[in-house]
Amino acid sequence: MNERIKELRKHLNMSQTEFGKTIGASRDMIATYESGRVIPADTVVELICMKFHVSRLWLTTGEGPMEDIDPADDTPAKLAQAYADLPHTEWLKDRLLTG
């Protein structure tokens, strides 16, 4: 897990200090996680996953994608529907449907 914590931090272009501040840890603690000298507690793992939208499976095992994609997040569908419901899009819908 230590390598993936470092990979995540670098992916986010954050220093150890910045990463630590985000999860309430010191730069030294992040360094110990990244070196593998200390394994983060479950609460720290959960916090990293929550703050950075990272998959717990990826962080702990390296399996699956890094990003935690929530299948219940229907924001894109809601945005598409809201756009489709705008009055000025009627002409576009008509054009697309009739060619």
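This text gives an overview of the structure that appears in the document. (Residues numbered from 1 in each chain as written. Predicted model: local features only at pLDDT ≥ 70, side-chain atom pairs only at ≥ 80, totals over all residues. Heavy atoms only, no water.)

## Section: helix 3 (residues 27-35)
Listed in full, the buried residues belonging to helix 3 are Ile 30, Ala 31, Thr 32, Tyr 33 and Glu 34. Residues of helix 3 that are buried sit in contact with helix 1 (2-11), helix 2 (16-23) and helix 4 (42-52). In the segment just after helix 3, Gly 36 is the residue with positive phi, at about 90 degrees. (Buried < 20%, exposed > 50% of the residue type's maximum accessible area, 1.4 Å probe, protein only. Helix = DSSP H or I, 4+ residues; strand = E, 2+ residues; numbered from the N terminus. Contact = heavy atoms within 4.5 Å.)

## Looking at helix 1
Among all positions of helix 1, only Arg 4, Ile 5, Leu 8 and Arg 9 are buried. Taken down its axis, helix 1 places every buried residue within 140 degrees of arc, on the same side. Buried residues along helix 1 sit against helix 2, helix 3, helix 4 and helix 5 (56-61). Just past helix 1, the residue Asn 13 takes up positive phi, approximately 55 degrees. (Arc of directions from axis to C-beta.)

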